[in-house]
Amino acid sequence: MMLTSLLTQHKNAGYRFPLLIEGEENAVYPCLLSYLDTIKAGENQVLRVGNKINGINSTEYKHYLGHEFDVVIINGFDGFHVEAIAALSGTVVAGGLFILLMPALKPPQNWSAFLDPDFERFVQWGHDTKQITSYFLQRAETLMESSFYRCLGSDLTSTESTLIQQPISLANLDQRVATPFTLPTSLTLEQLKIKKDIISSVESRCCAASVITANRGRGKSALLGALAAELANLNKTVYVMAPRPDCIKQVQYWNNKLGGKLLEFIPVDQMNGEWHRTSILLIDEAAAIPISILTEATQHFKHVVYASTEHGYEGSGRGFTVRFLKWLEDNYSNKHYQLSAPIRWREGDPLEVAINKIMLLDAEPSIIQPEELHDWRLDDCECRWINSKELIESPALLQQVFGLLVQAHYRTTPADLRYMLDSPTFRVCILFSRKMPNIVQAVTLISIEGQLPTELSVDISRGLRRPKGHLIPQVIGAQMIIDEFASLQGWRVVRIATHSQLQGRGCGSQLLCHLYQCAEVQKLDYISTSFGMTIALLNFWQGNKYTLCRVGHKPDAATGEVSAVMLRALSKSACELLNEIAGLGQADFELQTGTHKNSKTVQMAKSLFLSGEFGLILPPDRVKKQLSAFAYYSANFSACRVALITYLSFLNEEEQDNKSVKLIKEALKPNIDTNALILLAKELKLGDITGKKQMTKLLREQVKSLLALDLIK
């Protein structure tokens, strides 16, 4: 069928047009530009993604959330960037074109043979991307055959002769759509009902917050704009917040259209509780704002309306859904609304259906029936390893596995789907019941890490190299300057998730027990994990015999939680190192007094450290190695604080009064401000320092002078 007539049909129907164009890299884009010019599409709003087509870099996709385009072109030759494809598909207007450029491969070859430039993101150090099969791309190509229109770039010669492969699901489109689609010029009944209820809540003060969630294109921004206009007409002071000012274009448009006052935008980093307490705050794209800011807003405003995309995976991923909404429910009265009907395109839009299917944006675990739940026993459960080939050949299994990960973890994105299917070091293990073999009850995703060469391990500890992957060896190497750990081999538990209907019944612990048994058989050195520290998670991992080894220094932007690293040693080498690592972690944690809020979680971390009875005295060789890594190389100052304190304790009274020592002692204080250090350096006449880099350089020089004293034998 001819492309031009199909485009007209889609525009009349209010459908967006998913188009896959295949061909030679140097030829396909010029052919497309010529065709777009012929059909006058180039006169409209066009977004190009890919450096080779003079477009934006795919990593910049977040800057375009909230915008609208008639045509979005993704150059797959620059990389099949899953997050950009998922997010930017939502910016295409009804009747618009979403175009993906990819190579044309002759059978039996498929996309799994395509050397995708973006593949390198998903492969950790030590593996060659050319030798790895991309099961994600193999699955994506298969799904696009049934959900995307496809043509060769060389066929884009004229509007009359272009032939195209049409998905079966969109056959006879002209007969299925009875009435032409038009964008609404006013709010829908669904929007009006929600607006009326929120206005009532604000007036009556029956709740402190309202939450609006929706898939893309459902009109949440328009609803916020209408709310702003009506609240202003009721003499309420209204502010609006979003990740960036350009994200509120639609809110401003509808506010102005309905006669609202000029909205004042509050930047995310400028929350000030003193002058908002009687005001209303509207937050758009809330999932892309740190949870710490969202919680603070609730405490400082009379009423807050949070609006967020449900399956968009923006910013902090699912943190808004998984963590923030639970916190809100536990602490404040609130009402939750959901916009279900699409407004910017017609229900059943082929692009939305295709992207959801390819990226598993709407993945959900299976529901366990009451009678099955009643008969469930942990003794009936078994663990099984599954590989990527099995997952793509069993769509229902993949849907369940990824659905569990999405529900349980705040930071699961489309990129995690590709990691799971493509990374050569990732493994998936599931828990299922013999009585319910078709329902995944728990899942864990692990990464094989470590066994790095000695030279690389040392370079990591000196801050000279940061290879891809190997998270725990790099944390312990770079942040604790213990390079030997990277030579050991272990597993990191990247994700672990239990079906919501089975939580608290031992499923997660059963999986971890199975991991331990398998690791013993494979003669691994350790199993590790890293997570945002909460009381529940600390209890869970401690209960499964994991030792707290390190607490991060700064809270996560998405959750406000600091990271924790926990280990379970298997080999003798790992056990010996674990005592030193945990002891160093405890000492470092105690140096952070005042940097963390004195929460119950922090108190529990402290008690876990103390219960381990780890020695706090570093061996002399370790002290020298850590100080040398900072003084002569590029290690972080924070990584050698414990070693510095140990070394300074050997100074006599006269040496303690040294200028270098005074500066170093000041730098060791928690939350020390760089400007304060700069002033002290000037007072001590140690140099005219103007910035952080120069201060670090000066500190390195002072530590060198201390090492020259050779205090530790």
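Calculation notes
Residues numbered from 1 in each chain as written. Predicted model: local features only at pLDDT ≥ 70, side-chain atom pairs only at ≥ 80, totals over all residues. Heavy atoms only, no water. Helix = DSSP H or I, 4+ residues; strand = E, 2+ residues; numbered from the N terminus. Rg over C-alpha atoms; globule rule 2.2 N^0.38 Å. Buried < 20%, exposed > 50% of the residue type's maximum accessible area, 1.4 Å probe, protein only. Contact = heavy atoms within 4.5 Å. pLDDT = per-residue confidence, 0-100. Axes fitted to C-alpha atoms, helices over the stretch in contact; angles between N-to-C directions. Parallel < 35°, antiparallel > 145°, perpendicular 65-115°, else oblique. Left-handed = near helix turned anticlockwise from the far one by under 90°. Nonpolar A, V, L, I, M, F, W, Y, C, P; charged D, E, K, R; others polar. Pairing = 2+ DSSP bridges. Polar contact = N/O pair within 3.5 Å; in protein donor to acceptor, adjacent residues only side chain to side chain. Core = buried A, V, L, I, M, F, W, Y, C linked by side-chain atoms within 4.5 Å.

**Q** Before we go on, may I ask you to explain the overall build of the protein in this structure?
**A** Secondary structure assignment for the protein yields 27 helices and 18 strands. A globule of 713 residues ought to have a C-alpha radius of gyration of about 27 Å, and the protein, at 28 Å, matches this closely. Its C-alpha atoms give the protein principal-axis dimensions of about 90 × 65 × 60 Å. Put simply, the protein has 713 residues, and 54% of those count as buried. Taking all contacts inside the protein whose residues are at least 6 apart in sequence as the whole, residues at least 24 apart take part in 75%.

**Q** Would you take a moment to explain unusual backbone geometry for this structure?
**A** Excluding glycine, residues mostly have negative phi values, and the peptide bonds linking residues are mostly trans. Although it is not a glycine, Asn 54 sits at a positive phi angle of roughly 60°. Within the fold, Asn 54 resides in the loop between strand S2 (46-49) and strand S3 (69-75). Since its relative accessible area comes to 75%, Asn 54 is described here as exposed. Not every positive phi belongs to a glycine, and Arg 205 is a case in point at roughly 60°. Within the secondary structure layout, Arg 205 lies in the loop between helix H6 (189-204) and strand S6 (209-214). On the accessibility criterion, Arg 205 (63% relative accessible area) is exposed.

**Q** Is there a simple way to think about the confidence of the model for the protein in this case?
**A** Interpretation of the predicted coordinates at a detailed level should be avoided for regions scoring low in pLDDT. In the predicted model, the protein carries a mean pLDDT of 88, and 91% of its residues have values of at least 70. Model confidence for the protein, summarised as mean pLDDT per element, is weakest for helix H5 (residues 173-176) at 61 and strongest for helix H18 (residues 507-521) at 98.

**Q** How should I be thinking about the packing of helix H14 (residues 395-408) against helix H15 (residues 414-422) in this particular structure?
**A** Each packed pair of helices is defined by two parameters, the angle between the axes and the distance between the axes. One way to put it is that H14 packs onto H15 with a least axis distance of 11 Å and a crossing angle of 130°. The orientation of H14 relative to H15 falls into the category oblique. The element H14 and its partner H15 pack so that their crossing is right-handed. Contacts between H14 and H15 pair Leu 398, Val 401, Phe 402 and Leu 405 from the former with Asp 416, Leu 417, Met 420 and Leu 421 from the latter. Of the residues in the contact of H14 with H15, the class split is 7 nonpolar, no polar and 1 charged.

**Q** Whenever I open this one, helix H11 (residues 350-359) confuses me. Can you help?
**A** It helps to recall that an α-helix has 3.6 residues per turn; residues three or four apart then point in one direction. A large share of H11 lies buried, amounting to 8 of its 10 residues. Among the residues trailing H11, Leu 360 stands out with phi positive, at a value near 55°.

**Q** Looking at this structure, I do not really get the sheet that holds strand S10 (residues 303-309). What am I missing?
**A** Adjacent strands of a sheet pair through backbone hydrogen bonds, lying either parallel or antiparallel. Sheet architecture is open: 6 strands sit in the order S8-S7-S9-S10-S6-S11, paired in parallel fashion. This sheet does not close on itself; its edge strands, each paired only once, are strand S8 (264-265) and strand S11 (334-339). Packed onto the sheet, helix H7 (residues 220-233) meets S6, strand S7 (238-241), strand S9 (280-283), S10 and S11 and runs at close to 165° relative to S10. Strands S7, S9 and S10 of the sheet are contacted by helix H9 (residues 291-300), whose axis makes an angle of about 150° with S10.

**Q** I keep staring at the pairing of strand S1 (residues 17-23) and nothing clicks. Help me out?
**A** The element S1 is largely enclosed, with a buried count of 7 among its 7 residues. Burial of the side chains of S1 extends over both faces: Phe 17, Leu 19, Ile 21 and Gly 23 are buried on one face and Pro 18, Leu 20 and Glu 22 on the other. Across 7 bridges, the pairing between S1 and strand S4 (residues 92-103) is parallel. Bridging from a neighbouring strand, Pro 18 pairs with Phe 98 of S4. Bridge count for S1 against strand S5 (residues 149-152) is 4 bridges, and the pairing is parallel. When the bridges of S5 are listed, Leu 20 appears paired with Arg 150.

**Q** I'm lost on the side chain of Asp 483 in this one. Help?
**A** Considering the arrangement of structural elements, one finds Asp 483 in the loop between helix H17 (471-480) and strand S15 (489-498). When its relative accessible area of 10% is taken as the criterion, Asp 483 is described as buried. Engagement of the side chain of Asp 483 in a polar contact is seen with the side chain of Lys 625, the distance being 3.2 Å. When neighbours within four sequence positions are excluded, Asp 483 is seen to be in contact with Ser 457, Val 458, Ser 461, Arg 622 and Lys 625.

**Q** Looking at this structure, I do not really get the nonpolar core. What am I missing?
**A** Proteins that are soluble and globular tend to have nonpolar side chains buried together. Judged by nonpolar contacts, the single largest core of 63 residues is most densely connected at Phe 80, Met 359, Val 401 and Met 420. Top element by residues in this core is H14. It accounts for 7 residues. Core analysis: the second largest hydrophobic core is formed by 54 residues, Cys 549, Ala 574, Ile 581 and Val 623 among them.

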